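# Inside the fold
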Amino acid sequence: QVQLVESGGGLVQAGGSLRLSCAASGRTFSTYAMGWFRQAPGKEREFVAAISWSVGNTYYADSVKGRFAISRDNAKNTVYLQMNSLKPEDTAVYYCAATRSGDLYSQGWYEYWGQGTQVTVSS
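My aim in this report is to walk through the structure given alongside it, one point at a time. For clarity, every value in this text was computed on a predicted model and none was experimentally measured. (Residues numbered from 1 in each chain as written. Predicted model: local features only at pLDDT ≥ 70, side-chain atom pairs only at ≥ 80, totals over all residues. Heavy atoms only, no water.)

With that settled, the discussion passes to the sheet that holds strand β1 (residues 4–7). Within the open sheet, the four strands sit side by side as β1-β3-β8-β7. Their pairing is antiparallel. Each edge of the sheet is formed by a strand with only one pairing partner; in this case those strands are β1 and β7 (68–73). With strand direction ignored, the average angle separating the axes of adjacent strands in the sheet is 15°. As paired elements, β1 and strand β3 (residues 18–24) share four bridges and run antiparallel to each other. Paired with Leu 4 across the strands is Ala 24, a residue of β3. (Pairing = 2+ DSSP bridges. Helix = DSSP H or I, 4+ residues; strand = E, 2+ residues; numbered from the N terminus. Axes fitted to C-alpha atoms, helices over the stretch in contact; angles between N-to-C directions.)

Leu 4, Met 34, Trp 36, Leu 81, Met 83 and Tyr 94 are the most contacted members of the largest nonpolar core, which totals 38 residues. For this core, the secondary-structure elements that each account for two or more residues are β3, β4 (33–39), β5 (46–51), β7, β8 (78–83), β9 (92–99) and β11 (117–122). Not counting residues up to four positions away in its chain, the partners in contact with Met 83 are Gly 16, Ser 17, Leu 18, Leu 20, Arg 67, Phe 68, Tyr 94 and Val 119. (Core = buried A, V, L, I, M, F, W, Y, C linked by side-chain atoms within 4.5 Å. Buried < 20%, exposed > 50% of the residue type's maximum accessible area, 1.4 Å probe, protein only. Contact = heavy atoms within 4.5 Å.)

Here Ser 21 is to be found in strand β3. Ser 21 gets classed as buried once you look at its relative accessible area, which sits at 15%. Residues Ser 21 and Gln 82, 61 residues apart in the sequence, show an inter-C-alpha distance of 8.7 Å.

Phi at Asn 77 is positive, roughly 55°, even though this residue is not glycine. On the secondary structure map, Asn 77 appears in the loop between β7 and β8. The exposure class assigned to Asn 77 is buried, which follows from its relative accessible area of 18%. A positive phi angle is found at Ser 85, which is not glycine, with a value near 50°. Assignment of secondary structure puts Ser 85 in the loop between β8 and β9.

Okay, structure coming up:
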């Protein structure tokens, strides 16, 4: 069992930065790939970024590539999402999730989810 708690969301102006954190419980955190997803009002939840459990390969949605960076600290059981050059269209609730295997781009493969943190980007 893995419990995930996100933090770091808030209100920021366009062009600004935020760093989201996702703290995980459990001693097996390092064996899970981690992903970030987001859901804007009236839209479906979508993939943002993911990081593998082994060598730390990273994957990004085209919409955030070059602006967002995912990383993990297995010693702290934490995964991060550094978000730079934020745009109003990045406004959403951001969720972190954990999976042992599967397609990291697909939310159906993720077993555990956090409660989400709100990110609002003003223009």
